[in-house]
Every structure is written in structure tokens, then in C-alpha cells.
Amino acid sequence: MAMRPLWSLLLWEALLPIIVTGAQVLSKVGGSVLLVAARPPGFQVREAIWRSLWPSEELLATFFRGSLETLYHSRLLGRAQLHSNLSLELGPLESGDSGNFSVLMVDTRGKTWTQTLQLKVYDAVPRPVVQVFIAVGGDAQPPKTCQVFLSCWAPNISEITYSWRRETTMDFGMESHSLFTDGQVLSISLGPGDRGVAYSCIVSNPVSWDLATVTPWDSCHHEAAPGKASYKDVLLVAVPVLLLLMLVTLFSAWHWGPCSGKKKKDVRADRVGPETENTLVQDLP
């Protein structure tokens, strides 16, 4: 493409009356996006130019005398394709491709039309991680109930939102629940009727979503299998046995400690009788 027509397009953009429209286009990393060159009815395009306005101003593609050109040095070189309808396709997208783009079109009568587009590229949302925390029951907690806190977490993704879904019904109904920290933590009260109820944490951003599902009742009551003791039964047996062993150890240490020497001395003194005393006297000069 000759330099003169290109510079003339840029001058038209700066000097001639134009009609400006704007729109926002969303896409995700690794995908592709089509920036549509919309124009009013009856607008017969003679020349067109696509540019990046922000974060850097770069020439991306041109249309002149029926020829399409995209081989311009820019951050999108090799990833930009100009279609016959003058829409610009970009991809595969990278996180740094977000920015403002514009297309300037000139019709056969010399009138111009400029369209600006804002492209926002998001990372795809990863699968979240859900943790189950059980609250310690108090006197105010109804019997056979379990107070559960479900915590949902996903890596730092821009503009991410959290929501929860009870899988057996469309909504929470009359079930007691509360949300904390922008929906990341769900507090629910479970009863025996919620044994098989699952809850899903849904994370999403404007272009993607994912979820993780847990059954919190399984964490409320770890029932022992037939013929096997539960951890509570083990503690009831192990703690008294440990205490008994500690007492026996302390008693043995006391019995065979300093007191044992005194007892041995007393025994030797008892064994010294009259015969022993006479022997000692006879040995004296």
C-alpha cells in the first residue's frame, strides 16, 4: 500500500466531520474475537483503516482499492485477520491484548465513519476449592443439627463472583443460611434430612465459569462402621489407660528413688545383733 493514501486516511480522521460510536467486546485468553466494522445503511466503503489506540497506538490493518493488508509491525502481528466485510479478527488472545481499537472508513463520496471498540480479555476461571468447617455445638444449637461453614476459593482472577447452589432444589427454600465475604463463605444449618444434600460453589467472570460440589453432612458425623470403634470410643479407652500408666510410672520413680536407699540402710541396721556387737568389741585392743 502506498504511503500517500495511508496518510490521507489519517488526515481525514483528524480533519473531516465523523460520526463516533462505541461498544465493549469481551473475550478470554486463548480464544479469538471478531471486531465488527458496523456502518450505516448505504455507506459504500472505499477505504478503511484499523488501529490500536490504547495501551499503544499502532496500525493493525488497512483496506485500499480492494486490497486487504494486515502485515504491519504491531503487538498483534500474525494474530490479526481482516475479513472482506472489514471486520477484524484477533486471536489467539493474550492477557495483554485488552485495549481500545478504532476503525476509520471512508465512503465513495468522501464521508467518514469512525467506530471505537473496547476489548477486555479475561483469564478463564479455574475450578474452585471448597472447604467444610464444622462449628462446635452449644446449648443454643438444636439437637441433631450441624452448623456448617462452606468456604469457597479460587486464584486471583479479575472481576470474579461467587454464588452457591443447593443441588436438590432450585433455591434454598426455608433453610437457614447466611453469606459472608462477598459470597465466598456460606453458613448453613443441617439436620438428619440433609444427609445426602450437596452444595455447589460457582465462580464466574464475564466470560467463563466453573464449580465445585461437596456434601457437608459427611463432615458433620463420621459414624463408625459395624465392628469398628469411632474416634470417640478410642479416646474414651485410650485416655484412662494413659493416665494409669503415668501414675504407675510416677509411683515406681518414687518407690525406687531416694527413699529406697533409706530403707536398705534400715534393713542393714536391723541385721546387726548382739553377736555382731560382741565380735566388734573383741576385735578392739
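Our structure's up above, just so we're on the same page.
Quick caveat, the model's predicted, so the values are computed rather than measured. (Residues numbered from 1 in each chain as written. Predicted model: local features only at pLDDT ≥ 70, side-chain atom pairs only at ≥ 80, totals over all residues. Heavy atoms only, no water.)

Asker: Looking at this structure, I do not really get the pattern of salt bridges. What am I missing?
Answerer: Close approach of charged atoms allows side chains of opposite charge to pair. Across all of its chains, the model carries nine salt bridges by this definition. Between Glu 159 and Lys 120 there is a salt bridge, and its shortest N-O distance comes to 2.9 Å. Residue Glu 159 is located in the loop between strand E11 (146–153) and strand E12 (161–166), and its partner Lys 120 is located in strand E9 (residues 112–122); the two are separated by 39 residues in the primary sequence. Glu 159 sits in the partly exposed class, given a relative accessible area of 45%. Classification of Lys 120 by relative accessible area gives partly exposed; the value is 24%. (Salt bridge = Lys/Arg side-chain N within 4 Å of Asp/Glu carboxyl O. Helix = DSSP H or I, 4+ residues; strand = E, 2+ residues; numbered from the N terminus. Buried < 20%, exposed > 50% of the residue type's maximum accessible area, 1.4 Å probe, protein only.)

Asker: How should I be thinking about the state of the cysteines in this particular structure?
Answerer: Two cysteines whose sulfur atoms are joined by a covalent bond form what is called a disulfide. Taken as a whole, this structure holds two disulfides when the rule is applied. The residue that forms a disulfide with Cys 146 is Cys 220, at a sulfur-sulfur distance of 2.1 Å. Its S-S torsion of approximately -90° makes the covalent link between Cys 146 and Cys 220 left-handed. Linking Cys 146 in strand E11 with Cys 220 in helix H2 (residues 217–220), this pair joins segments that are 74 residues apart in sequence. Residues Cys 146 and Cys 220 agree in their burial class; the two are buried. Between the sulfur atoms of Cys 152 and its disulfide mate Cys 201 the distance is 1.9 Å. On the S-S bond that ties Cys 152 to Cys 201, the torsion sits near -90°, and the link is left-handed. Here Cys 201 lies in strand E15 (residues 199–205) and Cys 152 lies in strand E11, a separation of 49 residues in the sequence. (Disulfide = S-S within 2.5 Å.)

Asker: Explain the environment of Gly 30 to me, please; I cannot follow it from the model alone.
Answerer: With respect to the element layout, Gly 30 can be found in the loop between strand E1 (20–28) and strand E2 (33–35). In this structure, Gly 30 is in contact with Pro 92 and Leu 93, ignoring residues within four places of it in sequence. (Contact = heavy atoms within 4.5 Å.)

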